[in-house]
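Fold and contact review
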Amino acid sequence: QVKRSRRQGGHLEESSVSVSLHRSTRTNDIVARAIRGNRLSLAFQPIVSIERGSIWAFEALVRYVDPELGPISPPSLVARAKSLGLMNELTQQVITKALEAAEQFRRLEPDIDCMTVNIELGQISEAELGPFIRAAAAAHPDIRLCIELNERSLRSVTDDLRRDAEAMQEAGVIIALDDYGSDDSPVGALVRFPMNILKIDKSLISDLEDVRQREVIRALQGFGDNLQHTVVVEGIENRAMADVLVELGVRDAQGYYFGRPLPLAQTLDRIRRSSTQATLRR
Ligand code: C2E
Ligand code: MG
Ligand code: MG
Ligand code: MG
């Protein structure tokens, strides 16, 4: 892709073309080695009940920090893994590590029994990954494994995909529709796809003074309530936003205000601290 866009631009000198190609190839090599060497790590961000003030799930977000290049962003990691044909390896590693972490979280705090991971929609149908996910869920019967499917990929929901998603649900895997409302999410996505959790993208709460944004949130919360789907609003960054959302009926949330994504050790500390607080309150 780099090659194509450089050629189309047509203005770059031969040397700068080869330098940037070289850099991109090198980053790809580094990413490939990190994935094959099982060296990806995870950050965990809490999903909370606003009223109870308690965590009920964590979202696992892939991280990789290269000693020389520094951190590589998750979208870049995912794009590179895809072009390298290593997306299933990345996802399996994330799921395995996320479930190990979930067991530790639940041991500290039994109310935290849900772990959610991001996967690409097409991956649930793949011969290798579909069975892997169902087996992983079965191997951790006390953890509710949730897979977040990005709304962007939902434009091409086929009957086969729908059947595969339903098979996941029958195997006890929870399905979340992620980032709903980003770009121009079609309303059709809400009726086409099996889901248990609806995650509303932060772009839909970018200006809560806008009456239309508020009414869309209220309507989506009503949609979830009437169908027994949990609605999680993402990207809540301050108390004022949380207050408006509670007034609109929102009960479950994720965002910097409730907690930033943190590495495993710090997440364990956070859970220990909040358990102590809960005990003191009782
Ligand atoms: P996402 O699944 O929607 O994850 C939420 C992203 O929003 C995370 O960024 C998180 O750090 C960020 N975020 C959370 N709360 C707030 C907030 O209050 N304000 C703002 N401005 N941002 C907030 P992150 O970790 O950089 O991940 C970006 C995206 O990369 C994810 O979006 C997801 O689509 C993708 N991704 C991450 N990990 C994986 C993975 O293991 N597999 C796949 N396939 N995709 C992944
Ligand atoms: Mg997500
Ligand atoms: Mg999201
Ligand atoms: Mg999002």
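Residues numbered from 1 in each chain as written. Chains lettered and ligands numbered in written order. Predicted model: local features only at pLDDT ≥ 70, side-chain atom pairs only at ≥ 80, totals over all residues. Heavy atoms only, no water.

An unreviewed UniProt entry annotates the protein as EAL domain-containing protein originating from Leucobacter triazinivorans.

**Some points on the coordination of the magnesium ion (ligand 4)**
Put simply, the rule is: Any N, O or S atom lying within 2.8 Å of the metal counts as a donor, and for Na, K and Ca the limit rises to 3.2 Å; water is left out, so some sites can look incomplete. Whether a residue is buried, partly exposed or exposed follows from its accessible area with a 1.4 Å probe, protein chains only, as a fraction of its type maximum: under 20%, in between, or over 50%, in that order.
Around the magnesium ion (ligand 4), the protein contributes the donor atoms Asp179 (OD) and Asp201 (OD), which lie 2.1 to 2.8 Å from the metal centre. Residue classification places Asp201 among the buried residues on the basis of a relative accessible area of 8%.

**Here's the deal with the pattern of salt bridges**
Stated formally: Here, a salt bridge means any side-chain nitrogen of Lys or Arg that lies within 4 Å of a carboxyl oxygen of Asp or Glu. Secondary structure elements follow DSSP: runs of H or I of four or more residues count as helices, runs of E of two or more count as strands, with numbering from the N terminus.
Within the structure shown, the criterion is met by 13 salt bridges. Put simply, Arg26 and Glu68 hold a salt bridge, and the shortest N to O gap is 2.9 Å. Taken together, the residues span a long stretch of sequence, with Arg26 in helix H2 (residues 14-36) and Glu68 in the loop between strand S2 (54-66) and strand S3 (70-72) at a distance of 42 residues. Residue Glu68 is classed as exposed on the basis of its relative accessible area of 67%. Residues Asp225 and Arg251 are paired through a salt bridge, measuring 3.0 Å at the closest nitrogen-oxygen approach. Of this pair, Asp225 sits in helix H8 (residues 211-227) while Arg251 is found in the loop between helix H9 (239-247) and strand S9 (252-253), placing the two residues 26 residues apart along the sequence. A network of salt bridges, in which partner residues are shared, links Glu59, Glu148, Lys199 and Glu234.

**Section: the packing of aromatic side chains**
Our working definition: Geometry of aromatic contacts follows a simple scheme: Phe, Tyr and Trp rings, the Trp one being its six-membered ring, pair when their centres are within 6.5 Å, and the pair is stacked under 30 degrees between planes, edge-to-face over 60, tilted otherwise.
Applying the stated rule across the entire model yields three aromatic pairs. Aromatic side chains Phe44 and Phe105 sit 5.2 Å apart centroid to centroid with 90° between the ring planes, which places their arrangement in the edge-to-face category. Of the two residues, Phe44 sits in strand S1 (residues 41-49) while Phe105 sits in helix H4 (residues 87-108), which places them 61 residues apart along the sequence. Given the relative accessible area of 2%, Phe44 is considered buried. A ring pair is formed by Phe58 and Phe105, whose centres lie 4.9 Å apart and whose planes are at 50°; its orientation type is tilted. Placement of Phe58 in strand S2 and of Phe105 in helix H4 is noted, with a sequence separation of 47 residues between them. In this structure, Phe58 and Phe105 share a single accessibility class: buried.

**Brief notes about the site of ligand 1**
What counts is decided by this rule: For this purpose, a residue is taken to be near a molecule or strand whenever a single non-hydrogen atom of the residue falls within 4 Å of it. Under the rule applied, a polar contact is a pair of N or O atoms within 3.5 Å (in protein, one hydrogen donor and one hydrogen acceptor; residues adjacent in sequence only if both atoms are side-chain atoms). Surface accessibility in these figures is a Shrake-Rupley result with a 1.4 Å probe; residues are shielded only by whichever protein chains are displayed.
In the neighbourhood of ligand 1, 22 residues make up the surrounding shell, with Asn118, Asp178, Asp179, Glu237 and Tyr256 lying closest. One of the side-chain N or O atoms of Asn118 is found 2.9 Å from an oxygen atom in ligand 1. When ligand 1 is considered free in solution it has 800 Å² of accessible area, and contact with the protein chains removes 83% of it. When residues in the shell around ligand 1 are grouped by element, the largest group, four residues, is from S2.

**Topic: the coordination of the magnesium ion (ligand 2)**
For a metal with four tetrahedral donors the ideal donor-metal-donor angle is 109.5 degrees, while six octahedral donors give ideal angles of 90 or 180 degrees. Coordination of the magnesium ion (ligand 2) by the protein comes from Glu59 (OE), Asn118 (OD1), Glu148 (OE) and Asp178 (OD), over a distance range of 2.0 to 2.3 Å. Read in sequence order, the donor residues coordinating the magnesium ion (ligand 2) give the pattern E-x58-N-x29-E-x29-D. Between the magnesium ion (ligand 2) and the magnesium ion (ligand 3) the interatomic distance comes to 3.4 Å, and Asp178 is a ligand of both metals. With Glu59 in strand S2 and Glu148 in strand S5 (residues 144-150), this residue pair connects regions lying 89 residues apart in the sequence. Judged by relative accessible area, Glu59 falls into the buried class, the value being 4%. With relative accessibility at 1%, the residue Glu148 sits in the buried group.

**Description of the packing of H4 against helix H5 (residues 129-139)**
Packed helices, taken two at a time, are described by their axes: the angle between them and the distance between them. We apply this condition: Lines fitted to the C-alpha atoms define the axes, with helices restricted to the stretch that makes contact. Angles between their N-to-C directions range from 0 to 180 degrees. Angular relationships are summarised with four words: roughly parallel below 35 degrees, roughly antiparallel beyond 145, roughly perpendicular across 65 to 115, and oblique for the angles in between. Should any heavy atoms of two residues lie within 4.5 Å, those residues are considered in contact. Gly falls in the polar group here, along with every residue not listed as nonpolar (Ala, Val, Leu, Ile, Met, Phe, Trp, Tyr, Cys, Pro) or charged (Asp, Glu, Lys, Arg).
Where H4 meets H5, the axes come as close as 11 Å, and the angle between the chain directions of the two elements is 5°. Between H4 and H5, the angle is such that the two are roughly parallel. Each of Asn88, Thr91, Gln92, Ile95, Thr96 and Leu99 in H4 lies in contact with H5, whose residues at this interface are Leu129, Phe132, Ile133 and Ala136. For the contact of H4 with H5, the per-class residue count stands at six nonpolar, four polar and no charged.

**Here's the deal with the pairing of S2**
Note the following rule: When DSSP finds two or more bridges between a pair of strands, those strands are recorded as paired.
Burial within S2 is extensive, with 10 of its 13 residues counted as buried. If you look at the hairpin formed by S1 and S2, you'll find four residues sitting between the two strands, and Gly53 has a positive phi there, around 65°. As defined by bridge partners, S2 adjoins strand S4 (residues 114-119) across three bridges and the pair is classed as parallel. Counted as the bridge partner of Glu59 is Thr116 from S4.

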